[in-house]
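# Working through the structure, step by step
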Amino acid sequence: MRTTPPPVTAPPAAVEPDRPDLTPAARRVLDTASRLFYERGIHAVGVDLIAAEAGVTKKTLYDRFGSKERIVVDYLLTRDARWRAFLAAHHDPAALTPVERILAVFDASKEWSAGAYAGKGCGMVNAHAEISDPAHPAYAVITGQKQWTLDLFTRLAHDVSPDAARELGRSLTLLHEGALVSDGLDVFPDAFDRARRLAAFLLSAARELR
């Protein structure tokens, strides 16, 4: 019996990648905070440092965002929105086979991890290491993004092997997330290439079993 693929869910309060809703001062605050949070860690960066490096007063910062927690949430939402836009540019369903659509996620992650928004591993994984309290407003953003990744792989796997989509989706997510962490820690070279090869092997086996 074939199953229906799960929907791809959106994160809480999804935002546009370029945030047209922000004033120039608010954009400077968010851009500065995003850089500092990713480079130094969320707990290590206070509002005084953010305001000083953004060239605004603390009053302006609080007027625009209300709290540091809100800045953290906006940082993670914006980073996720940029990642999804980046992935979409690598993911034209009309030009790719079902297997190629899955492998394209690994290719996009490899390129993203070498680009301007990365260098220290997955921003969501890093944030979760500091924010593990479900009551924190950023927690749902972090876990929601990872659930979205699982849903994405499961939906894509359904086009390869409908009967095995659930298990394939989980296995592909494990490979992808393992590559993100290994790449960020620089444990060994070519983490994404290795994960991609294993994903291709799994998908080939799944097709043969259909």
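Residues numbered from 1 in each chain as written. Predicted model: local features only at pLDDT ≥ 70, side-chain atom pairs only at ≥ 80, totals over all residues. Heavy atoms only, no water.

## Describing the side chain of S182
Inspection of the secondary structure puts S182 in helix α8 (residues 165–185). With sequence-adjacent residues up to four places away left out, S182 is seen in contact with V187, F188 and A191. (Helix = DSSP H or I, 4+ residues; strand = E, 2+ residues; numbered from the N terminus. Contact = heavy atoms within 4.5 Å.)

## Details of the nonpolar core
F37 and L76 are the most contacted members of the largest nonpolar core, which totals 58 residues. Apart from the residues within four sequence positions on either side, F37 is in contact with I42, V45, I50, K68, I71, V72 and Y75. (Core = buried A, V, L, I, M, F, W, Y, C linked by side-chain atoms within 4.5 Å. Buried < 20%, exposed > 50% of the residue type's maximum accessible area, 1.4 Å probe, protein only.)

## With respect to helix α5 (residues 98–113)
Helix length check: α5, at 16 residues, gives a terminal C-alpha distance of 24 Å against a target of 22 Å (1.5 Å per residue), a fit within 8%. Listed in full, the buried residues belonging to α5 are V99, R101, I102, L103, A104, V105, F106, A108, S109, W112 and S113. (Expected span 1.5 Å × (residues − 1).)

## So, the confidence of the model for the chain
Interpreting fine coordinate detail is not advised for predicted regions of low pLDDT. Averaged over every residue, the pLDDT of the chain is 89; the share at 70 or more is 89%. Mean pLDDT values over the elements of the chain span from 92, in helix α9 (residues 191–208), up to 98, in helix α2 (residues 47–54). The low-confidence segment residues 1–13, where pLDDT is below 50, has 28 contacts with residues more than four positions distant or belonging to other chains. (pLDDT = per-residue confidence, 0-100.)

## Re a nonpolar patch on the surface
Together, V125, V181, L185, V187 and F188 give the surface a local cluster of nonpolar side chains, amounting to about 410 Å² of exposed area. One can find V125 in helix α6 (residues 123–130). (Patch = residues over 30% accessible without salt bridge, like charges linked within 9 Å, V, L, I, M, F, W, Y side chains within 5 Å. Areas by Shrake-Rupley, 256 points an atom, 1.4 Å probe, with all protein chains shown as cover. Salt bridge = Lys/Arg side-chain N within 4 Å of Asp/Glu carboxyl O.)

## So, the packing of α5 against α8
For the pair α5 and α8, the least separation of the axes is 11 Å and the interaxial angle reads 15°. Between α5 and α8, the crossing angle belongs to the class labelled roughly parallel. As α5 runs across α8, the sense of the crossing is right-handed. Residue-level contacts link I102, V105, F106, S109 and S113 of α5 to L172, L175, H176, L180 and D183 of α8. (Axes fitted to C-alpha atoms, helices over the stretch in contact; angles between N-to-C directions. Parallel < 35°, antiparallel > 145°, perpendicular 65-115°, else oblique. Left-handed = near helix turned anticlockwise from the far one by under 90°.)

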